[in-house]
Amino acid sequence: MLDPKFLRDELAQTAQRLATRGYTLDVDAIAAFEAQRKVLQASTQDLQNERNVRSKSIGKAKASGQDIAPLLAEVGELGDKLDAAKAELTELLANIDAITAGIPNLPHESVPVGKDEEDNVEVSRFGTPTTFDFEAKDHVDISAGLSNGLDFDTASKLTGSRFVVMHSHVASMHRALAQFMLDKHTREHGYAEVYVPYLVNSDSLYGTGQLPKFGEDLFHTKPATEEGQGLSLIPTAEVPLTNIVRDSIIDETQLPIKMTAHTPCFRSEAGSYGRDTRGLIRQHQFDKVELVQVVKPEDSFAALEALTGHAESILQALELPYRKMNLCTGDMGFGACKTYDLEVWLPAQNTYREISSCSNMVDFQARRMQARYRAKGAKKPELVHTLNGSGLAVGRTLVAVLENYQRADGSVVVPTVLRPYMNGLEVIPAQ
RNA sequence: GGAGAGGUGGGUGAGUGGCUGAAACCAGUUCCCUGCUAAGGAACCGUACGUUAAUUCGUACCGAGGGUUCGAAUCCCUCCCUCUCCGCCA
């Protein structure tokens, strides 16, 4: 959510900046609603003041034994007028809320202006794309030669499409990857490990920006109605981790807060029917190790660089070739002010694919969550800045390892850093 | 799931219809006294929105949402959460 004052005062400028990300701000509607709001709010408060004053005088009159009947008669129609004004104001505020809650974040000035992923800007590259002196297989074919490591048929029997069952060494490598990531972030990068619920309420989803606009991307435990309090499966650990600081005022000395969690993530993938139907790339359920930081406003852009570096360090340790992209205005997520995507090299697809997305949300989520901190000596608490990033998506990392570490005989080498987590196994043998 | 008790400001905790935006204590901030590895005294000390020259004034908020009333932290209803006992269970 944007600063309502800024939105009001800099309406034209806001509209212009939002246009770069393909969002059309209804300037006229907002201006009209705001003008109404100001008048209506003032008049409603005046009515309330009058009622308070009169009620108080009734109380005093009664206490001193006077007859209060005439006073009561005077107040008669005040209540009706007040109720009407309140109702009108409530409706107006709801209308304004509906608009502002759906406005995406403003892009940072360092974000390239562009329409879609074609306009993202490559920042850096690590490693050189893996090449083979045999025809590279994709992870589905590779795993088929490894005791059916990835078993999509059984998963579709159990549940449906876009789910997977993993077997034996592949399952254990999947676990090893998550363990390795958590260990690295907690031991080397200063993140505190956190275990969180996988079901969250709608307040949490509103706080991080999934609601009210993107409810259809989530799995809900019961139909999400307007009043519904049904729980939803988390689409990312960003939701529970970030909402830990919702509705709280943090002492300055507690910042920065750096948290990491390994969780499954559940996404309905409603808008991607034909895309990535093969393999592990786009699943309804996947594991991810998430990084979240809560920082002081002046630190957030430096924190984004650091956090992205933490995610990169996993790819580097696994010696997977990747590139770092600065997302353009048109390709960024709803709440992001600036985002780096990390894209890993997938030989079979002969391309780079997203494996991590690291964003600085600045005060966008903090304002929705009312997450603030108090600086020493400051009278007013100030909104914190929040950041999050995948460190990394475990399923896609498994894909990248299988494809980049495959050998001509169908076996797959286990990356050195994972071997301690896999009982010293050096190679997953072909069947 | 059953029975009972509760949810008040950073913390503890008063407050059952008006003089309570909220006692008291602790923590915190500032000042005074004192000079020493302590203590004593005083003041300040919630958040948001609107308004103002202003820390001025106004409005709202005592788990959330409704209701009763001229007036609700206080009464009624619904929901959420916490605690105790019982049941069940990984």
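Residues numbered from 1 in each chain as written. Chains lettered and ligands numbered in written order. Predicted model: local features only at pLDDT ≥ 70, side-chain atom pairs only at ≥ 80, totals over all residues. Heavy atoms only, no water.

Caption draft 1: The nonpolar core, seen in detail. By size, the foremost hydrophobic cluster in this structure holds 48 residues, and its most contacted members are Met-173, Leu-177, Leu-315, Leu-320, Leu-398 and Leu-418. At the level of secondary structure, the elements contributing two or more residues to this core comprise α8 (168–188), β9 (285–295), α11 (300–317), β11 (338–346), β12 (351–360), β15 (385–393), α13 (394–404) and β16 (412–413). The dominant element in this core, judged by the number of residues it contributes, is α8, at eight residues. Setting aside residues no more than four positions away along its own chain, Leu-418 makes contact with Met-173, Ala-176, Leu-177, Phe-180 and Leu-318. Counting residues in each nonpolar core, the second largest holds 19 residues, with Val-245, Met-259, Val-294 and Val-384 among its members. (Core = buried A, V, L, I, M, F, W, Y, C linked by side-chain atoms within 4.5 Å. Buried < 20%, exposed > 50% of the residue type's maximum accessible area, 1.4 Å probe, protein only. Helix = DSSP H or I, 4+ residues; strand = E, 2+ residues; numbered from the N terminus. Contact = heavy atoms within 4.5 Å.)

Caption draft 2: Representation of the pairing of β9 in the model. By the criterion of burial, β9 is predominantly enclosed, with ten of the eleven residues buried. As paired strands, strand β8 (residues 257–266) and β9 are joined by ten bridges and run antiparallel to one another. By the bridge assignment for β9, Thr-263 is matched with Lys-288. In this sheet, β15 lies alongside β9 in antiparallel orientation, the contact comprising seven bridges. Residue pairing in the sheet places Glu-290 in a bridge with Ser-390 of β15. (Pairing = 2+ DSSP bridges.)

Caption draft 3: Summary view of the sheet that holds strand β7 (residues 248–251). If you trace the three strands from one edge of the open sheet to the other, you get β7-β13-β14, paired in mixed fashion. Pairing within the sheet leaves two strands with one partner each, and these edge strands are β7 and β14 (382–383). Two elements, β7 and strand β13 (residues 371–374), share four bridges in a ladder whose sense is parallel. The partner of Asp-251 across the bridge, within β13, is Arg-374.

Caption draft 4: Structural context of the packing of aromatic side chains. For the coordinates displayed, the defined rule picks out seven aromatic pairs. For the ring pair Phe-180 and Tyr-421, a centre distance of 6.2 Å and an interplane angle of 75 degrees mean the geometry is edge-to-face. Of this pair, Phe-180 sits in helix α8 while Tyr-421 sits in the loop between β16 and β17 (427–428), and the two are 241 residues apart along the sequence. Taking relative accessible area as the criterion, Phe-180 reaches 8% and is therefore assigned buried. Owing to a relative accessible area of 23%, Tyr-421 belongs among the partly exposed residues under this scheme. On the basis of an interplanar angle of 70 degrees and a centroid distance of 5.2 Å, the ring pair of Phe-214 and Phe-334 is categorised as edge-to-face. (Phe/Tyr/Trp six-rings, centres within 6.5 Å; stacked < 30°, edge-to-face > 60°.)

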